[in-house]
Amino acid sequence: MRFLGVLVGVLLVGGLTGLYIWMTLNDVLEGRAGVKQLLAALAAIGAGVFAAGVHLPSPAGRIDPKTVRQTPPFDRPRVRGVAPGEYEVVLIARAWAFEPNEIRVPRGSIVRFRVASADVIHGFLIENTNVNVMVIPGQIAEVTARFERPGEYVFLCHEYCGFGHHQMFGKVIVE
Ligand code: CUA
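One numbering rule holds for all chains: residues counted from 1, following each sequence as written. Under the rules for a predicted model, residues below a pLDDT of 70 receive no local features and side-chain atom pairs below 80 are neither given nor counted, while totals for whole chains, interfaces and linings still include all residues.

**Q** With reference to specific residues and values, describe the environment of Val 133.
**A** Going along the chain from the N terminus, every DSSP run of H or I of four or more residues is numbered as a helix, and every run of E of two or more is numbered as a strand. Checked against the element boundaries, Val 133 lands in strand E8 (residues 132-135). Note on Val 133: 23 C-beta atoms within 10 Å, which makes it buried. As a C-alpha pair, Val 133 and Cys 157 span 24 residues in sequence and 9.4 Å in three-dimensional space. Whether a residue is buried, exposed or partly exposed is read from the other C-beta atoms within 10 Å of its own C-beta, which are placed from the backbone; 20 or more gives buried, 12 or fewer gives exposed, and intermediate counts give partly exposed.

**Q** Run through the sheet that holds strand E10 (residues 151-156), naming residues and quoting values.
**A** Spatially, the five strands line up as an open sheet ordered E5-E11-E10-E7-E8, and their pairing is mixed. Looking at the sheet topology across the chains shown, the edges are occupied by strand E5 (102-105) and E8. For this sheet the average axis-to-axis angle between neighbouring strands, irrespective of direction, equals 20°. The pairing of E10 with strand E11 (residues 169-174) spans six bridges and is antiparallel. Opposite Leu 156, over in E11, you have Phe 169 as the bridge partner. Two strands are counted as paired when DSSP detects at least two bridges linking them. To get an axis, a line is fitted to the C-alpha atoms, and for a helix only the part in contact is used. The angle between two axes follows their N-to-C directions and goes from 0 to 180 degrees.

**Q** Residue-level account of the pairing of E10, with values.
**A** One ladder, built from two bridges, connects strand E7 (residues 122-126) with E10; its direction is antiparallel. Across the sheet, the residue bridging to Leu 125 is Leu 156, located in E10.

Laid out in structure tokens, this is it:
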């Protein structure tokens, strides 16, 4: 869904430009102060969203959060080999845990994560990798990482999801 990202970008830039013109006109006509700061703040937020690499989720499919546990492949959250050196992890995110929360793969593996929420919005971030996606109810989030170095890679929920948010984590163990 690159298209969605581009669309949002165009709308954001278009909106900001329109806002800028409108505010500048108002500014000129009425001599109002403080508009520049507001505009700068809006621009900073927009730039920040893109610069920080906040990934818009690329839904790899749709799924009803209420029936996640009955819907293949999420009826069996697990790690499975799909080819030599390649793994697929089917992961459920729910308040407040990941299932499974411990994933083992050999070093050098390419791992495709498919993550679905069983309730609210969660996040899925793996430290020391480029993995950082939102897990939105109704969508399957898909992201791939390669694990060259052995060790433990902690993954965690980075979208506030309620009381137990901070205990929502797990690890990838690369052997
Ligand atoms: Cu799930 Cu925060």
